[in-house]
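What follows is the residue order along each chain.
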Amino acid sequence: MKSDSYDVIVVGGGNAALCAALSAREHGAKVLLLERAPEDQRGGNSAYTGGGFRMVHHGVETVKSVVPDLSEGEIANTDFGEYTEEAYLDDLGRVTQWYCDPDLAETVVRRSTETVQWLHGRGVRFVPRFGRYAFKHEGKFKFFGGTVVEAAGGGRGLVQAEYTAAEKHGVKIRYGARALSLLNGRKGIEGVVVQCDGAEETLRAPAVVLASGGFEANREWRTRYLGPGWDMAKVRGTRYNTGDGIRMALDVGAQPFGQWSGCHSVSWERYAPDFGVLDRPVTASRNGYPFSIMVNADGKRFVDEGADFRNYTYAKYGRAVLQQPGSYAWHVFDAQVEHLLHEEYRSKGTTKVQAATIEELAARMEDVHPGQFLKTVREFNAAVKREVPFNPNIKDGKCTVGLELNKSNWANPIEKPPFTAYAVTCGITFTFGGLKIDTSTHVLDIADAPLPGLFAAGELVGGLFYFNYPGSSGLMAGAVFGRIAGREAAQYVKASGTAEAAVSK
């Protein structure tokens, strides 16, 4: 049993973990980061994201504080709008049915802008998020739904910049290091037992930050906590998020918290691999459904595709797809909106059928009742309020009237050829259940008392998301709480008088 010692050990290798490691190092701690994945698969779920950050902003001046190279043309042709603290908090409350922990929510919102600026100051380059949160309409981009920036290079660009910063600032990183258990002594956490190259090692530290993600890559836990059928969902991201950090904390008395039966899940390529592909992280994403009709195997619609902007519905509609017969569906478009679809609809491996007539399309859509599908299209087209103009950048009120399940916005009739349909299933992103923390990221026990020396951030924290999720708030929450966790862990070590001198036992 090899032994080593540090001030702060961070368990995890994604955005939250890297922010924690950077922050702890900035506050004088000797830091070790443990990434379970090999180096070429590093970055956790963060590496598979689009890199978006939902932050409070007040228009172009805030945007320029993190995108200083914003061009005059971009400024002139873009309406960035404004996203206030009040709007952010309202979005978090509304989409989670007001279950979200108010203290955690307020912390994310109020620290969001300064945290993105902090990341920018450490080498993360940001760019405007055109194409996902702003469409060009009548010659001008107009942002909607709160998110205006993303890390250059998406999730991979984000974690690459964060790893570069961590290494530059002296954070030690070990790859292929799976944390097995926490060392829990009389005064609190004393380190971590890890497995590397088939052998166990004891790593000593008076503070540990857990930031190793949820349990979405654990089929058995998915079925246990999310319910029957969830073992069949595709995993959008890393295969290494199997709940180890949560289990380790529960074993030493941490309180489980949040919606353990809930998760972030989306429409995903029906025949995608079981886990995400790091060099093509979002090619299986299918998020153009607000401009479609979405039908199941029976040829029937089952959700209001235009209930809200995509970023307020996409994280719950994966569950809706999973609940359909055979756990699949089809997104159906006509030529009026095909140009609005994200590039991943045109990526290699997409299950797509196209036809010159809707009857031809029905015949080509695998495993769909053709007669009922044609009836669904006819009834939908007849119910569209054609006099209302279509506008993809606002909730345009172009709806249907008189259907059992109406579409609230962006309801164009499906009538202009060619017609296309894309097969989707459920892709799970991360789970909502996890550990209870306070706003200083201390992990709490069953009596709501802090477990000394134990901190947490990222997707293994419960209580922030329930039922649904506002797009780009996951990376934002991970960065906010990761930064706090690193600072708090370093300060805890200094207060305990063991900084830089944790002695092996």
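Conventions and cut-offs
Residues numbered from 1 in each chain as written. Predicted model: local features only at pLDDT ≥ 70, side-chain atom pairs only at ≥ 80, totals over all residues. Heavy atoms only, no water. Helix = DSSP H or I, 4+ residues; strand = E, 2+ residues; numbered from the N terminus. Contact = heavy atoms within 4.5 Å. Pairing = 2+ DSSP bridges. Salt bridge = Lys/Arg side-chain N within 4 Å of Asp/Glu carboxyl O. Buried < 20%, exposed > 50% of the residue type's maximum accessible area, 1.4 Å probe, protein only. 1 Å grid on protein atoms, 1.4 Å probe; cavity = no way out; pocket = protein on both sides within 12 Å on 5 of 7 lines; lining within 4 Å. Points joined across faces, edges and corners; volume = space filled by probe spheres on them. Nonpolar A, V, L, I, M, F, W, Y, C, P; charged D, E, K, R; others polar.

### A closer look at the side chain of glutamine 255
Right, on to step 1. Turning to its location among the elements, glutamine 255 is positioned in the loop between helix H8 (244–251) and strand E16 (256–257).
Right, on to step 2. When residues no more than four places from it in sequence are discounted, the contact partners of glutamine 255 are Leu250, Gly434, Leu435, Lys436, Leu444, Asp445, Ile446 and Asp448.

### Quick notes on the sheet that holds strand E8 (residues 140–143)
Right, on to step 1. Reading across the sheet, the three strands line up as E5-E8-E7 and stay open at both edges, with mixed pairing between neighbours. Two strands close off the open sheet at either side, each with one partner strand: strand E5 (78–79) and strand E7 (134–137).

### A closer look at the pattern of salt bridges
Right, on to step 1. Following the criterion strictly, the structure yields 29 salt bridges and no others.
Right, on to step 2. With its nearest N and O atoms 3.0 Å apart, the salt bridge here joins lysine 436 to aspartate 448. With a gap of 12 residues between them, lysine 436 in the loop between strand E22 (434–435) and strand E23 (442–444) and aspartate 448 in the loop between E23 and strand E24 (450–456) connect regions that are remote in the sequence.
Right, on to step 3. Of the residues examined, aspartate 448 reaches a relative accessible area of 40% and is grouped as partly exposed.
Right, on to step 4. Overlapping salt bridges, with partners in common, bring together Arg36, Arg178, Asp244, Arg247 and Asp251 in one network.

### Focus: helix H4 (residues 85–95)
Right, on to step 1. Within H4, burial applies to Tyr88, Asp91, Leu92, Gly93 and Val95.
Right, on to step 2. At its buried positions, H4 is contacted by strand E4 (52–54), helix H5 (102–121) and helix H12 (473–496).

### Here we look at unusual backbone geometry
Right, on to step 1. Here proline 417 and proline 418 are connected by a cis peptide whose omega angle stands at -5°.
Right, on to step 2. Mapping proline 418 onto the fold places it in the loop between helix H11 (370–383) and strand E21 (419–431).
Right, on to step 3. A positive phi angle is found at tryptophan 98, which is not glycine, with a value near 65°.
Right, on to step 4. As for its placement among the helices and strands, tryptophan 98 is situated in the loop between H4 and H5.
Right, on to step 5. For tryptophan 98, a relative accessible area of 59% puts it in the exposed group.

### Observations regarding empty space enclosed by the protein
Right, on to step 1. Taken as a whole and assessed by the stated rule, the structure comprises two cavities of 30 Å³ or more.
Right, on to step 2. In this structure, the largest cavity encloses a volume near 120 Å³.
Right, on to step 3. Residue lining of the largest cavity: 14 residues in total, with Phe135, Phe144, Pro290, Phe291 and Arg310 positioned closest to the centre.
Right, on to step 4. Per-class residue counts for the lining of the largest cavity are nine nonpolar, three polar and two charged.

Note that all results are geometric; they support no functional claim without further evidence.
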